[in-house]
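# Secondary and tertiary structure notes
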Amino acid sequence: MSSVAVIDYGMGNLHSIAKALQHASPDVHVQIVADPQLILQADRVVFPGVGAIRDCMQALVDTGLQEVIRQVAESRPLLGICLGMQALLTESEENGSTRCLNIVPGHVRHFATPLLDAQGEILKIPHMGWNQVHQQRDHPLWRNIPQDSRFYFVHSYYVQPDDDSVIAGVTEYPEPFTCALSCGNIFAVQFHPEKSQAVGLQLLQNFLSWDGGG
Amino acid sequence: MSLAKRIIPCLDVDNGRVVKGVKFVDIRDAGDPVEVARRYDREGADEITFLDITASSDDRETMVHVVEEVAGEVFIPLTVGGGIRTLDDIRRMLNAGADKVGINTAAVFNPEFVRDAARRFGTQCIVVAIDAKQVNRPGEPERWEIFTHGGRKPTGLDAVAWAKKMAAHGAGEILLTSMDRDGTRQGFDLALTRAISEAVPIPVIASGGVGNLQHLADGIIEGKADAVLAASIFHFAEYTIRQAKECMAARGIEVRL
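Overview of the structure.

Parameters at a glance
Within each chain, residues carry numbers counting from 1 in the order of the written sequence. Chains and ligands are labelled sequentially in the order written, the chains with letters from A and the ligands with numbers from 1. Owing to the predicted nature of the model, reporting of local features is limited to residues with pLDDT of at least 70; listing and counting of side-chain atom pairs is limited to 80 or more, with chain, interface and lining totals taken over all residues. Remark: hydrogens and water are excluded; side-chain values derive from all non-hydrogen atoms of the structure. Note on terminology: a nonpolar core comprises buried Ala, Val, Leu, Ile, Met, Phe, Trp, Tyr and Cys residues joined through side-chain atoms within 4.5 Å. The buried label applies to any residue whose accessible area, calculated with a 1.4 Å probe on protein chains only, is under 20% of its type's maximum; exposed applies above 50%, and partly exposed to all values in between. A run of H or I in DSSP counts as a helix once it spans at least four residues, and a run of E counts as a strand once it spans at least two, with each numbered from the N terminus. Each direction from the helix axis to a C-beta atom contributes to the arc, which is the arc of those directions. The contact criterion used is simple: two residues touch if any of their non-hydrogen atoms lie within 4.5 Å. Only one rule defines a salt bridge in this text: a Lys or Arg side-chain nitrogen within 4 Å of an Asp or Glu carboxyl oxygen.

Okay, the nonpolar core next. B:Ile48, B:Phe50, B:Ile90, B:Ile103, B:Ile126 and B:Leu216 are the most contacted members of the largest nonpolar core, which has 81 residues in total. Broken down by element, the residue count for this core peaks at six residues, all from helix α2 (residues 60-71) of chain B. If you look at the next biggest cluster of nonpolar residues, it comprises 42 residues, including A:Ile81, A:Tyr158, A:Val199 and A:Leu203.

All names here are of chain B. Buried within helix α10 (residues 241-250) are the following residues: Ile241, Ala244, Lys245, Cys247 and Met248. With its buried residues spanning 160° around the axis, α10 presents them on a single face. As for α10, its buried residues are in contact with β1 (6-14), α1 (33-43), α8 (213-221), β12 (227-230) and α9 (232-235).

All names here are of chain A. Look at the link from threonine 113 to proline 114: it is a cis peptide, with omega at -5°. Along the chain, proline 114 falls in the loop between β7 (106-110) and β8 (115-116). Cis peptide bonds are those with omega within 30 degrees of zero, and the linkage from tyrosine 173 to proline 174 qualifies with -25°. Here proline 174 lies in the loop between β13 (167-172) and β14 (176-183). Unlike most non-glycine residues, aspartate 148 shows phi in positive territory, near 65°. Note on placement: aspartate 148 falls in the loop between β10 (127-135) and β11 (149-155).

Right, let's get into the pattern of salt bridges. The tally for this structure, following the rule as stated, stands at 27 salt bridges over all chains. Residue B:Asp226 pairs with A:Lys124 through a salt bridge whose shortest N-O separation is 3.3 Å. Taken together, the residues span two chains, with B:Asp226 in the loop between α8 and β12 and A:Lys124 in the loop between β9 (122-123) and β10. Classification of B:Asp226 as buried rests on a relative accessible area of 14%. Judged by its relative accessible area of 7%, A:Lys124 falls in the buried class.

This is the structure:
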């Protein structure tokens, strides 16, 4: 039986993601864990997160999980979700300026304010709801997910990786931004697969049978 | 391609059963919340909102179990409102599997509660529910005030100013209900919806008064709402969520089909 660890570092509700992983693959052993040793024993690791980036980074430093995430990224498949994606970059504009893990070089930006669409109407921030995800290239995690499927988003910041080749998916609001990135063992998404109904469960199922690499 | 406007069915839950609505005197049983939620999910609901109208706080535990059960099989965002007064109430609902909580009366009595809640749990899960009623005399400029206790108690707070304040306090979204329209099936109060939606930078969910599918589209086009919420038109299979989305799409609104 393969196992997946959902990293618990005190940032947000992990029950939704754990339940969705279990539903996507009933045979997989799903654990919500804070213990670094247990995280490093799992076959795959999910790095979720909601809230503010400074609290997130502080919690990772306090718990010593910062190093663990680096080790995971080098050794087994890692799925970053929402703040768990943003934390992988170099630096975020949120809370003034916050140093992040720098596992994927690049920055985390706030949507421009006011944000206007092509008709000059104001777009609300947070970007909240179902938006289309354009797959930029083939990847095992996109298997059986139709091009331009809608996933559920809720965020005010987005990632801007330095290297375009890591971009796996883009979404428009109204300008295109990176909503999925992949490099080596890492796949990270800005949207919430655990809240994106059938396509979200498919992505989680794909992750649970992925052995890393693109 | 762009962000879809959302349709959110609302389930009024009394002691573990879905009922037709607070405003109806003859409360009709509309079934098991888990089954109803499953049906809405299949029909393509974008989110589901539960409003706990259970009178006794002893029975609130029932709602926690309902949320747990729904969250185990329905993988779209779930919001729970009704009786959320403390940070602990929020934590219990989030741990049960809710993604957002609706705060109404508690915010009016203590606006700092919204700030504390947003700081603790993130703005994305704090929905401030606003019950507003028109208070201007005929001929005067339109003005709405906040009411509590199901629209019975006036607070003297201006609805537009209040919505702005709640957004500044960290609300991630506003659930706006017109007490004049709720239960009437005459459509949303579009002037109110538009006034609030244009005043705040965060998404606004229009609620109260939906009687047919055109009303939903009106809420988006004329009310400038980001999402529309309805209860009774979906409960008795009068219309399906799918029909509602097709109607909205026919009027040029981007939806998730």
